[in-house]
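So you can see what is in the structure, the chains are spelled out below.
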Amino acid sequence: MAAVGSGGSNAAAGPGAVSAGSLEPGTASAGETGCGRPGGGGARVRIAEGSGRFLTEARESIPYGPTYVSHRRLKYISLAVLVVQNASLILSIRYARTLPGDRFFATTAVVMAEVLKGLTCLLLLFAQKRGNVKHLALFLHEAVLVQYVDTLKLAVPSLIYTLQNNLQYVAISNLPAATFQVTYQLKILTTALFSVLMLNRSLSRLQWASLLLLFTGVAIVQAQQAGGGGPRPLDQNPGAGLAAVVASCLSSGFAGVYFEKILKGSSGSVWLRNLQLGLFGTALGLVGLWWAEGTAVARRGFFFGYTPAVWGVVLNQAFGGLLVAVVVKYADNILKGFATSLSIVLSTVASIRLFGFHVDPLFALGAGLVIGAVYLYSLPRGTAKAIASTSASASASTSGPCTHQQPPGQPPPPKLSSHRADLSTEPFLPKLLTKVKGS
C-alpha cells in the first residue's frame, strides 16, 4: 500500500500557513523599505524602531543562508530517497520472485508489509504522546471509533491499495523490471484522467501532449516486449504481466484521486492515516490471502519460501513507503518527475547487470519518450509566464531608483540579487514561504 504523506501521490496535506510576521519576496507593506514592485529584489528589509540598523525578515530567502542551504540539502536527500525506493522495490521483488527454489506466497508478503507499517505508525503515535499509554488510547478511541465515518472512508482506498500491491507482484513476476518500471508510468495517465473526471480539474495543452507521448512510449516498449526482447523464462507470461500492470495503474489512479477527494480538509496526521490504512489493509489482505491461496498457505505455512531477500522486499514495502511519506514534502512536482526518470534509468541499468536484460533501440526509444513525457507533465503550469514576468520585473526594478525616501543619516538598504525574484521557477529550491490562508 502506498504510504500517505504531505504532498504525496495519494493525499496531500493542506498548505502550511505562516505567521502574520512572515514575509513574501517581492511585495511591500507599511514600515518597509523598497519600492514594492513585484520581483523587486528578494528578501524585504525593515527599519528597526529607534535604530539605524536594518533587520532582514525571512532570512531563508537570502541566498546561501543557513536555512537555504539546509532546505536545499533536504531537496537532494528527498530526491535520492525517491529514486532509491522506486527502483529498489521493483528490483528486489523481481529478484525475489525469480530466485530458484520455493517461491513465497505474495499475499503473505502484502499482509506482513501492512502489519509492519501499522505497528510502526502506532509506535510513532506513541512517541508523539510521549509514552503516555492513556493519552494514546484516548486519542485512538476518538480518531478511530468516535469519528468512525472518517475511518470508514479509508476502507475503499485501502481495498484498492491492497489489490494494487498484489497485482504488482503478478506484474513483476511476469515482466522484466525495466519493462514494468516504464509501463507502470501509465499511472500518471490514469491519475490525470480520474482527476479530470472526479475533481473537475483542467489540464494544459502541454500536459495532454505529454500524456499522449507517455502512452506512445509505453506502447513502443510493449511492442518490443511482444516481439521478443531477448530470452524469456518459460514460467513467465508477458500478457498476464501487462494485464496486471494496467489494472494496477487504474487502481492506483482511482485510489489516489478518491483519497484526495474524501479527505480534502481532513486534519488527521500522516501517521494516523497510515495506521488506519494499515488496519484495513491487514484485514483485507488476510481476506485476499484466504480467497486466493488459503489452502496452500494452510498446508505449507505462512512464511513458506521466506528468505533474506523476501524479508528485504517486505521491509522495503513497509518502511520505504513511510520514509517517502516523510521526505516527499520537500519534493515539488519537477523533482518527483526527475526522480521517476532516474528510477527508470537505474532500473534499466541494474536489470542489464542482474537479470541479463537486453536493451534494443525500440526499448530505448519507448523509454526515452516516457522519460520525456514524465518531465513535461511535471512542469508547473504557466512556467513560461513566470519566466517572462520575472524578466520584466527584473528589468523594471533596475530601470530607475527606488522612490522610497530613506531617513536622514541612514544607510541604504542592502542590494540583493534580482535572480531571487521568483523561487517557483527554480526546480530544486524549497518552497519556503506560503501565503496565509485566506490572504
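Keep in mind it's a predicted model, so treat the numbers as computed, not measured.

**Details of the overall build of the protein chain**
- The helix and strand inventory of the protein chain stands at 14 helices and two strands.
- Per-residue burial over the protein chain gives 44% buried out of 439 residues.
- Within the protein chain, residue pairs in contact and separated by at least 24 positions form 81% of the contacts whose partners lie at least 6 positions apart.
- For the protein chain, the exposed surface amounts to about 22,200 Å²; the carbon and sulfur share of it is 65%.

**A closer look at the confidence of the model for the protein chain**
- Model confidence for the protein chain is summarised by a mean pLDDT of 74, while 67% of its residues fall at 70 or above.
- At the level of individual helices and strands, the protein chain shows its lowest average pLDDT in strand β2 (residues 54–56), which scores 36, and its highest in helix α2 (residues 106–128), which scores 93.
- pLDDT under 50 marks residues 395–407. Its contacts with residues more than four places away, or in other chains, come to 16 contacts.

**A short note on helix α13 (residues 361–378)**
- The end-to-end C-alpha separation of α13 is 26 Å, in line with the 26 Å expected for 18 residues at 1.5 Å each.
- Burial in α13 covers these residues: Phe363, Gly366, Ala367, Val370, Ala373, Val374 and Ser378. The arc that holds the buried residues of α13, viewed along the axis, is 125°, so those residues lie on one side.

**A look at helix α7 (residues 186–199)**
- Helix length check: α7, at 14 residues, gives a terminal C-alpha distance of 19 Å against a target of 20 Å (1.5 Å per residue), a fit within 8%.
- Of all the positions in α7, only Leu186, Ile188, Leu189, Thr190, Ala192, Ser195, Met198 and Leu199 are classed as buried.
- In the segment just after α7, Asn200 is the residue with positive phi, at about 55°.

**Let's talk about the packing of aromatic side chains**
- One pass over the full model with this rule turns up 11 aromatic pairs.
- Ring geometry for Phe302 and Phe303: centres 4.9 Å apart, planes at 75°, overall edge-to-face.
- Grouping aromatic residues by their ring pairs yields a cluster made of Phe104, Tyr169, Phe302, Phe303, Tyr306 and Trp311.
- The lysine or arginine in question, Arg97, covers the ring of Phe104, its NZ or CZ lying 4.9 Å from the ring centre.
- If you follow Lys129 out to its NZ or CZ, it ends over the ring of Phe139, 4.3 Å from the centre.

**Looking at unusual backbone geometry**
- The phi dihedral of Arg130 is positive, around 55°, even though this residue is not glycine.
- Tracing the sequence through the fold places Arg130 in the loop between α2 and α3 (133–146).
- Among the residues examined, Arg130 registers a relative accessible area of 80% and is labelled exposed.
- Notably, Asn200 is not glycine yet its phi reads approximately 55°, a positive angle.

**Structural notes on the environment of Leu89**
- Tracing the sequence through the fold places Leu89 in helix α1 (residues 66–98).
- Here the alpha-carbon distance between Leu89 and Ser347, two residues 258 residues apart in the chain, equals 10.0 Å.

**Notes on the side chain of Arg94**
- Secondary-structure assignment places Arg94 in helix α1.
- Judged by relative accessible area, Arg94 falls into the buried class, the value being 7%.
- In this structure the side chain of Arg94 is engaged in a polar contact, spanning 2.9 Å, whose partner is the backbone oxygen of Ile172.

**Section: the nonpolar core**
- Grouped together as the largest cluster of nonpolar side chains are 47 residues, with contacts concentrated most on Tyr169 and Phe180.
- No other element matches the six residues that α2 contributes to this core.
- Counting nine residues, the second largest nonpolar core, distinct from the first, contains Cys121, Leu125, Leu136 and Leu140.

**Notes on the environment of Gly278**
- Inspection of the secondary structure puts Gly278 in helix α10 (residues 270–300).
- The exposure class of Gly278 is buried, given its relative accessible area of 3%.
- It is 7.9 Å that separates the C-alpha atoms of Gly278 and Ser158, two residues lying 120 residues apart in sequence.

Cut-offs applied
Residues numbered from 1 in each chain as written. Predicted model: local features only at pLDDT ≥ 70, side-chain atom pairs only at ≥ 80, totals over all residues. Heavy atoms only, no water. Helix = DSSP H or I, 4+ residues; strand = E, 2+ residues; numbered from the N terminus. Buried < 20%, exposed > 50% of the residue type's maximum accessible area, 1.4 Å probe, protein only. Contact = heavy atoms within 4.5 Å. Areas by Shrake-Rupley, 256 points an atom, 1.4 Å probe, with all protein chains shown as cover. pLDDT = per-residue confidence, 0-100. Expected span 1.5 Å × (residues − 1). Arc of directions from axis to C-beta. Phe/Tyr/Trp six-rings, centres within 6.5 Å; stacked < 30°, edge-to-face > 60°. Lys NZ or Arg CZ within 6 Å of the ring centre and 35° of its normal. Polar contact = N/O pair within 3.5 Å; in protein donor to acceptor, adjacent residues only side chain to side chain. Core = buried A, V, L, I, M, F, W, Y, C linked by side-chain atoms within 4.5 Å.

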